[in-house]
Amino acid sequence: DGGITQSPKYLFRKEGQNVTLSCEQNLNHDAMYWYRQDPGQGLRLIYYSQIVNDFQKGDIAEGYSVSREKKESFPLTVTSAQKNPTAFYLCASRRGVQGATNEKLFFGSGTQLSVL
Amino acid sequence: QQQVKQSPQSLIVQKGGISIINCAYENTAFDYFPWYQQFPGKGPALLIAIRPDVSEKKEGRFTISFNKSAKQFSLHIMDSQPGDSATYFCAASRNSGYALNFGKGTSLLVTP
């Protein structure tokens with residue numbers, strides 16, 4: 001059953017703590033993305049990666065970090081520098097790299113992060 | 001800075017009616033305009049998409065209308081059903097390889 005798996009579904013962060021959100025895909029997609037969703041704010045791009053061992057900052061990268069050591073995995077770390085981390089985090093992937101004809105973005109089911 | 005502006009923020013339509021959601025963009029380099037549908041607690045899923053070389057695209061009850069000169073595009077849901085109740089996002093990107101810029105979303109409620 002192919003798709004994108006995000007875990008955990010719910011996550012709680014204490015003050016000053018770093019937390020890591022997992023994103024795994026078995027679609028053999030090259031590009032992966034992290035979006036943050038806040039009520040009434042739409043989806044805002046945090047980081048994206050077009051290829052293994054390479055990633056770029058999105059519109060709201062401050063306080064977040066990522067790695068792309070494997071094609072199928074793109075974990076997101078929410079650091080203590082992110083002062084307002086409570087949000088719904090969505091991971092997505094897409095098959096092609098820049099210029100590819102297949103543009104469909106596949107999303108995971110999301111992780112709800114809350115601050116204790 | 002929001003590159004894609006979406007309206008209305010929320011919409012209530014009676015069953016069988018037409019739901020219309022509008023989006024506007026500024027960047028004339030955008031050439032791919034998808035619509036995503038999201039149910040509560042789930043990730044968005046692609047509904048329908050259009051490129052600027054056509055003015056309209058229809059898939060079942062869903063139609064995108066595109067006005068290149070006005071830099072606007074809209075989603076029309078014909079014969080709206082309660083199962084269509086969801087949040088809808090328009091988006092735009094420059095070349096298929098770039099990350100999508102999303103609108104803020106429209107919460108649609110279709111009443112029985």
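All figures in this text were calculated on a predicted structure; none of them were measured in a lab.

1. Considering the overall build of chain B
Item 1. When helices and strands are counted, chain B shows zero helices and eleven strands.
Item 2. Secondary structure elements of chain B, listed N to C terminal, follow the sequence β-β-β-β-β-β-β-β-β-β-β.
Item 3. With the C-alpha coordinates of chain B rotated into their principal frame, the extents come out at 40 × 30 × 20 Å.
Item 4. Across the 112 residues of chain B, 46% fall into the buried class.
Item 5. Expressed as a percentage of contacts within chain B between residues at least 6 apart in sequence, the contacts between residues at least 24 apart total 53%.
Item 6. Of the roughly 5,400 Å² of accessible surface on chain B, 49% is carried by carbon and sulfur atoms.
Item 7. Measuring between centres, the 11 positive side-chain charges of chain B sit 6 Å from its 7 negative side-chain charges.

2. Examining the sheet that holds strand β3 (residues 19–25) of chain B
Residue and element names in this part refer to chain B.
Item 1. In spatial order, the strands read β1-β3-β8-β7-β6; together these five strands make up an open sheet with antiparallel pairing. Among the strands making up the open sheet, the edge pair consists of β1 (4–7) and β6 (56–59). Direction aside, neighbouring strands of the sheet carry axes that sit 15 degrees apart on average.
Item 2. The pairing of β3 with strand β8 (residues 72–77) spans six bridges and is antiparallel. The residue bridging alanine 24 from the neighbouring strand is glutamine 72, located in β8.

3. Quick notes on the nonpolar core
Residues and elements named next belong to chain B.
Item 1. Core analysis: the biggest nonpolar cluster contains 24 residues, and Val4, Phe33, Trp35, Phe73, Leu75, Tyr88 and Leu108 have the highest contact counts within it.
Item 2. Elements represented by at least two residues in this core include exactly β2 (10–14), β3, β4 (33–38), β5 (45–50), β7 (62–67), β8, β9 (86–92) and β11 (106–111).
Item 3. A per-element tally of this core places β9 first, with four residues.
Item 4. When near neighbours in sequence (up to four residues on either side) are disregarded, leucine 108 contacts Leu11, Val13, Ser19, Ile77, Asp84, Ser85, Ala86 and Tyr88.

4. As for unusual backbone geometry
Backbone geometry follows two general trends: most residues other than glycine have a negative phi, and most peptide bonds adopt the trans configuration.
Item 1. Here the residue pair serine 7 of chain A and proline 8 of chain A is connected by a cis peptide bond, since its omega of -5 degrees sits within 30 degrees of zero.
Item 2. Mapped onto the elements of the fold, proline 8 of chain A is located in the loop between β1 (4–7) and β2 (10–13).
Item 3. Of note in the backbone geometry, aspartate 79 of chain B takes a positive phi value of approximately 45 degrees without being a glycine.
Item 4. Position of aspartate 79 of chain B among the secondary structure elements: in the loop between β8 and β9.

5. Remarks on the interface of chain B and chain A
Item 1. Between chain B and chain A, the residue contacts involve 20 residues of the former and 24 residues of the latter.
Item 2. Summed over both sides, the interface of chain B with chain A buries roughly 1,700 Å², with 52% coming from carbon and sulfur.
Item 3. Linking chain B with chain A are zero salt bridges, by the criterion used here.
Item 4. In this assembly, chain B and chain A are joined by six residue pairs in polar contact (both at pLDDT 80 or more).
Item 5. When grouped by side-chain class, the residues that make up the side of chain B that touches chain A number nine nonpolar, eight polar and three charged.

6. Side note on the sheet that holds β1 of chain A
Residues and elements named next belong to chain A.
Item 1. Read from one edge of the open sheet, four strands run β1-β3-β8-β7, paired in antiparallel fashion. A strand with exactly one partner marks an edge of an open sheet, and here the two such strands are β1 and β7 (64–66). Here the average twist between neighbouring strands, direction ignored, is 20 degrees.
Item 2. In this sheet, strand β8 (residues 76–78) lies alongside β7 in antiparallel orientation, the contact comprising three bridges. Directly across from valine 66, in β8, lies its bridge partner leucine 76.

7. What to know about the packing of aromatic side chains
Residues and elements named next belong to chain A.
Item 1. Under the criterion given, the structure shown has 18 aromatic pairs over all chains.
Item 2. A ring pair is formed by tyrosine 33 and tyrosine 48, whose centres lie 6.0 Å apart and whose planes are at 15 degrees; its orientation type is stacked. Within this pair, whereas tyrosine 33 is found in strand β4 (residues 31–38), its partner tyrosine 48 is found in strand β5 (residues 42–51), the two being separated by 15 residues in sequence.
Item 3. Its relative accessible area of 16% is what places tyrosine 48 among the buried residues.

Reading the values: the criteria
- Residues numbered from 1 in each chain as written.
- Chains lettered and ligands numbered in written order.
- Predicted model: local features only at pLDDT ≥ 70, side-chain atom pairs only at ≥ 80, totals over all residues.
- Heavy atoms only, no water.
- Helix = DSSP H or I, 4+ residues; strand = E, 2+ residues; numbered from the N terminus.
- Buried < 20%, exposed > 50% of the residue type's maximum accessible area, 1.4 Å probe, protein only.
- Contact = heavy atoms within 4.5 Å.
- Areas by Shrake-Rupley, 256 points an atom, 1.4 Å probe, with all protein chains shown as cover.
- Lys, Arg positive; Asp, Glu negative; His and termini not counted.
- Charge placed at Lys NZ, Arg CZ, Asp CG, Glu CD.
- Pairing = 2+ DSSP bridges.
- Axes fitted to C-alpha atoms, helices over the stretch in contact; angles between N-to-C directions.
- Core = buried A, V, L, I, M, F, W, Y, C linked by side-chain atoms within 4.5 Å.
- Buried area = accessible area lost by both parts, 1.4 Å probe.
- Salt bridge = Lys/Arg side-chain N within 4 Å of Asp/Glu carboxyl O.
- Polar contact = N/O pair within 3.5 Å; in protein donor to acceptor, adjacent residues only side chain to side chain.
- Nonpolar A, V, L, I, M, F, W, Y, C, P; charged D, E, K, R; others polar.
- Phe/Tyr/Trp six-rings, centres within 6.5 Å; stacked < 30°, edge-to-face > 60°.

Purely spatial values, then, with no claim about function.
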